[in-house]
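The lines below spell out each chain.
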Amino acid sequence: MGRLLALSLLGIALALLGERLLTLRNRLKASREVESVDLPNCHLIKGIEAGAEDIDILPNGLAFFSVGLKCPGLHSFAPDKPGGILMMDLNEENPRALELRISRGFNLASFNPHGISTFIDSDDTVYLFVVNHPEFKNTVEIFKFEEEENSLLHLKTIKHELLPSVNDVIAVGPEHFYATNDHYFSDPFLKYLETYLNLRWTNVVYYSPSEVKVVAEGFDSANGINISPDKKYIYVADILAHEIHVLEKHPNMNLTQLKVLKLDTLVDNLSIDPSSGDVLVGCHPNGQKLFVYDPKNPPSSEVLRIQDILSEKPTVTTVYANNGSVLQGSSVASVYDKKLLIGTLYHRALYCEL
């Protein structure tokens, strides 16, 4: 009887593991392939060889790139090189990406930038918020951008127990932001277990010097985050659920869910087209290729444009798609004055004139 019970329990456990594995493959879109959608006037950006995970563009056309992200278990083309912040002036005829100098006292050797966001204060001071993973820990760094010197002055490092696995931020004040946690745990093994079991414990946190609180939760893996042009709504990408959540922002900074847009791809970072309010999404058509890197079968890239996201039936179009022959693992797409920048998790970056 004891052996029969043990065998039954083993069978149930194996069935559960098999079901979780099948579910994970579906969440990763492990069988999906893309057909190329090309843009005519594109070239790879010189100087970006190991990823530009996130891009943010100021209203004056200065674009910031977060480069060189490294995560446990994730492929890297430059595993021993620290990350950095690059800048490109999109008003130039032939813009180049230049690395910004960072003030003394900041630990450049362990700089591992992830999501970024800019904020312009009432006195025109530009702040750059950077999710940082020094030694695979989690901080948010606040810099002041000094344009004349092409440099960043480090102002503050933020750590908090409600920020255990930060992915992206959207700045809403000089020391105020919303942040996504893509996992509930910070321990690598528990992160893997959490993802495998599909616990949906990830969240969005609001941070200010006087208050830190969870304002939205229940995501599979909260990823990119941005804000509508009128500052009334927050958009959150849930990468493994293939969803974009639209949340209404209240005066107390709490969020309530308004709608969910379901897509057929892994949605990463979100950017706003300043001329239209459209949402541009850097996507991963096949997550398994992204996380299990094979140079002979590299991860593909996909960029979507979402028009009228607040409407009952938003219009979703594919702006760009590639099987990995040009661009591998697109994570972000940002636009300024008919110029499109596409960044990747750990590969190159693309500049296109639309």
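Taking an unreviewed UniProt entry as the reference, the protein chain is identified by name as Paraoxonase belonging to Ovis ammon polii. The UniProt entry for the protein chain carries the following comment under Subcellular location (unreviewed entry): "Membrane". Of the protein chain, the UniProt comment under Sequence similarities (unreviewed entry) reads exactly: "Belongs to the paraoxonase family."

A. Summary view of unusual backbone geometry. A positive phi angle, close to 75 degrees, is found at Asp124, a residue other than glycine. Along the chain, the position of Asp124 falls in the loop between strand S7 (113-120) and strand S8 (126-132). Among the residues examined, Asp124 registers a relative accessible area of 61% and is labelled exposed. The backbone of Phe136 shows a phi angle near 65 degrees, a positive value even though the residue is not glycine. Within the secondary structure, Phe136 sits in the loop between S8 and strand S9 (139-146). Overall, the relative accessible area of 47% leaves Phe136 in the partly exposed class.

B. The arrangement of helix H2 (residues 188-197) in detail. Those residues of H2 lying buried are Glu194, Thr195 and Tyr196. The N-terminus of H2 is capped by Asp187, whose side-chain oxygen sits 3.1 Å from the backbone nitrogen of Phe189. At the exit of H2 stands Asn198, carrying a positive phi of roughly 55 degrees.

C. Fine view of the pattern of salt bridges. Going through the model one piece at a time under the given rule, you end up with 14 salt bridges. A salt bridge links Arg32 to Asp264, with the shortest nitrogen-to-oxygen separation between them at 3.8 Å. With Arg32 in the loop between helix H1 (2-27) and strand S1 (42-44) and Asp264 in the loop between strand S18 (255-262) and strand S19 (266-272), this residue pair connects regions lying 232 residues apart in the sequence. Given the relative accessible area of 44%, Asp264 is considered partly exposed. Here Asp337 makes a salt bridge to Lys339, at a shortest N to O gap of 3.9 Å. According to the relative accessible area criterion, Asp337 is exposed, its value standing at 54%. For Lys339, a relative accessible area of 14% translates into the label buried. Each of Lys29, Arg32, Asp264 and Glu302 takes part in salt bridges that share partners, so that together they form one network.

D. How the structure looks around a nonpolar patch on the surface. Residues Phe189, Leu190, Leu193 and Leu197 make up a contiguous nonpolar surface patch of roughly 330 Å² in combined accessible area. Here Leu193 shows up in helix H2.

E. Layout of the UniProt feature "binding site: Ca(2+) 1" (unreviewed entry) in the protein chain. Look at the UniProt record and you will see "binding site: Ca(2+) 1" (unreviewed entry) annotated at Glu53, Ile116, Asn167, Asp168, Asn223, Asp268 and Asn269. Spatially, the listed residues are clustered: although they cover 217 residues, their C-alpha atoms lie within 13.1 Å of one another. Along the polypeptide, Asn167 turns up in strand S11 (residues 166-173). What Asn167 contacts, discounting residues up to four positions off in sequence, is His114, Gly115, Val131, Thr180, Asp182, Ala222, Asn223 and Gly224. Tracing the backbone shows Asp268 in strand S19. Asp268 gets classed as buried once you look at its relative accessible area, which sits at 3%. The residues touching Asp268, leaving out its near neighbours within four places in the chain, are Glu53, Asn223, Gly224, Ala237, Ile239, Val281, Gly282, His284 and Ser331.

F. Spatial organisation of the state of the cysteines. Taken as a whole, this structure holds one disulfide when the rule is applied. A sulfur-sulfur separation of 2.1 Å characterises the disulfide bridge that pairs Cys42 with Cys352. Disulfide Cys42-Cys352: the torsion about the S-S bond is 110 degrees, which places it as right-handed. Placement of the pair is Cys42 in strand S1 and Cys352 in strand S25 (residues 350-353), with a sequence separation of 310 residues. Judged by relative accessible area, Cys352 falls into the buried class, the value being 0%.

G. Structural detail: the UniProt feature "glycosylation site" (unreviewed entry) in the protein chain. In the UniProt entry, the feature "glycosylation site" (unreviewed entry) is given for Asn269 and Asn323. Along the chain, the position of Asn269 falls in strand S19. On the accessibility criterion, Asn269 (1% relative accessible area) is buried. Once you skip the residues sitting within four places of it in the chain, Asn269 turns out to touch Glu53, Asp54, Asp168, Asn223, Gly224, Leu280, Val281, Gly282, Ser331 and Val332. As for its position among the elements, Asn323 is in the loop between strand S22 (315-322) and strand S23 (330-336). You can call Asn323 partly exposed: its relative accessible area is 41%. Excluding its chain neighbours within four sequence positions, the residues that come into contact with Asn323 are Val34, Ser36, Pro298, Pro299 and Ser300.

About the cut-offs
Residues numbered from 1 in each chain as written. Predicted model: local features only at pLDDT ≥ 70, side-chain atom pairs only at ≥ 80, totals over all residues. Heavy atoms only, no water. UniProt positions renumbered as here; feature names shortened; annotations may be inferred. Helix = DSSP H or I, 4+ residues; strand = E, 2+ residues; numbered from the N terminus. Buried < 20%, exposed > 50% of the residue type's maximum accessible area, 1.4 Å probe, protein only. Polar contact = N/O pair within 3.5 Å; in protein donor to acceptor, adjacent residues only side chain to side chain. Salt bridge = Lys/Arg side-chain N within 4 Å of Asp/Glu carboxyl O. Patch = residues over 30% accessible without salt bridge, like charges linked within 9 Å, V, L, I, M, F, W, Y side chains within 5 Å. Areas by Shrake-Rupley, 256 points an atom, 1.4 Å probe, with all protein chains shown as cover. Contact = heavy atoms within 4.5 Å. Disulfide = S-S within 2.5 Å.

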